[in-house]
Amino acid sequence: MLIENITASFQMDEILYELRGHSAGLNCGIWDYSASFIARFAQRSDMVFPDRTKYVNMNCGFMRSYMRLLVDTCHRRGAPATTGMAGLVLDPTWDSHTREAKLKMVRDIKRLEAEEGGADGALVYDLRLRSVVAEVFDDVLGPGRVNQRDRPLDLVPIRPADLLEVPPGGITQEGVRFNVAIGLRFIESWLRGRGSFVYRNAAEDSATAEISRSQIWQWMRHSLRTEDGVTVTMGLVMDCAEQTARELGEEGRAADVPAALVNDRVMAALRIFQVLVSAPSFPRFITTFLYEQALFQEMVLHRSPVQ
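### Looking at the pattern of salt bridges
Then, number 1: A complete count under the given rule lists 20 salt bridges for this structure.
Then, number 2: Residue Arg-111 is joined to Asp-139 by a salt bridge in which the shortest nitrogen-to-oxygen separation is 2.8 Å. With Arg-111 in helix H5 (residues 96-116) and Asp-139 in helix H6 (residues 130-141), the pair connects residues that are 28 residues apart, well separated along the chain.
Then, number 3: On the accessibility criterion, Arg-111 (27% relative accessible area) is partly exposed.

The structure is reproduced here in structure tokens:
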């Protein structure tokens, strides 16, 4: 069971109990959970998340508390506890130095989750990373051990305030551009009938799309400024979106997709993205929103937007 919702972290015992005969344990991840945090408190100016690419990771206070509570809950009940997905996608064109640097980042994150977090395992997107992640857990767990259930539980209780601690940090223009790129690219991918894509050698899906568009909506809603003093406005966001749209158009044409089809799909994605991030009330789920938009387009244009 993936604990992807901030309110679910307050009911882990109950969830595990209800699934006791059918569950392989609980899993904690970073982006769906963070997006849920924003969705729940989107209207509050005191609950604004900083740039996720720079300040939000498994070492943040609220993430460490969430992971520790999940692991302790599972181990107290004799169930396994796993952590989020290593989203790196290996590139065969990398030189040995680049490849090793990328793999080191994966190893460091998973070692933190295994050593300090006490987790029993983790997920991977690229199956070529399975042995890399397995080696980390084998090393931490020791010979012949497949879990850490016998590890002493942390006696310091996790308080509600610990789970609701907003990470410190600011907003960067690069963070705006990256979040816009992921949000728009997910919509364009969804219109092609695909629920995930690879961008900058990382797997992106509804989880990363959720946190990306959530941050853009929240930053615009509260008229926040980047660390270099630029206000996050609709104008700034749409400038970034139009740049991503041009990149998508070039990528589609390079893949020999008919130009008219590429342009129609990219323009549809751009319109939907603009509505999504400017909605006066925060849309709770991006996939539900996209289904509604697709139905609307099909009714109005008398054709399916999925090509």
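Still more to cover.
### Quick look at the pairing of strand E4 (residues 121-124)
Then, number 1: Two strands pair when backbone bridges link them, and strand E3 (residues 81-86) and E4 are joined in this way by four bridges, in the parallel orientation. Counted as the bridge partner of Met-85 is Leu-123 from E4.
Then, number 2: Handedness of the crossover joining E3 and E4 through H5: right-handed.

### Examining the layout of surface pockets
Then, number 1: Put simply, the largest pocket is a space of about 1,400 Å³.
Then, number 2: Forming the walls of the largest pocket are 40 residues, and the residues nearest its centre are Ile-30, Trp-31, Met-85, Gly-87 and Ile-109.
Then, number 3: When contributions to the lining of the largest pocket are tallied by element, the ones reaching two or more residues are helix H2 (31-40), helix H3 (52-55), E3, H5, helix H8 (173-191), strand E6 (202-204) and helix H9 (206-221).
Then, number 4: A per-element tally of the lining of the largest pocket places H5 first, with eight residues.
Then, number 5: A class-by-class count of the residues in the lining of the largest pocket yields 19 nonpolar, nine polar and twelve charged.

What counts and how
Residues numbered from 1 in each chain as written. Predicted model: local features only at pLDDT ≥ 70, side-chain atom pairs only at ≥ 80, totals over all residues. Heavy atoms only, no water. Salt bridge = Lys/Arg side-chain N within 4 Å of Asp/Glu carboxyl O. Helix = DSSP H or I, 4+ residues; strand = E, 2+ residues; numbered from the N terminus. Buried < 20%, exposed > 50% of the residue type's maximum accessible area, 1.4 Å probe, protein only. Pairing = 2+ DSSP bridges. Right-handed = clockwise from strand over helix to strand, strands pointing away. 1 Å grid on protein atoms, 1.4 Å probe; cavity = no way out; pocket = protein on both sides within 12 Å on 5 of 7 lines; lining within 4 Å. Points joined across faces, edges and corners; volume = space filled by probe spheres on them. Nonpolar A, V, L, I, M, F, W, Y, C, P; charged D, E, K, R; others polar.

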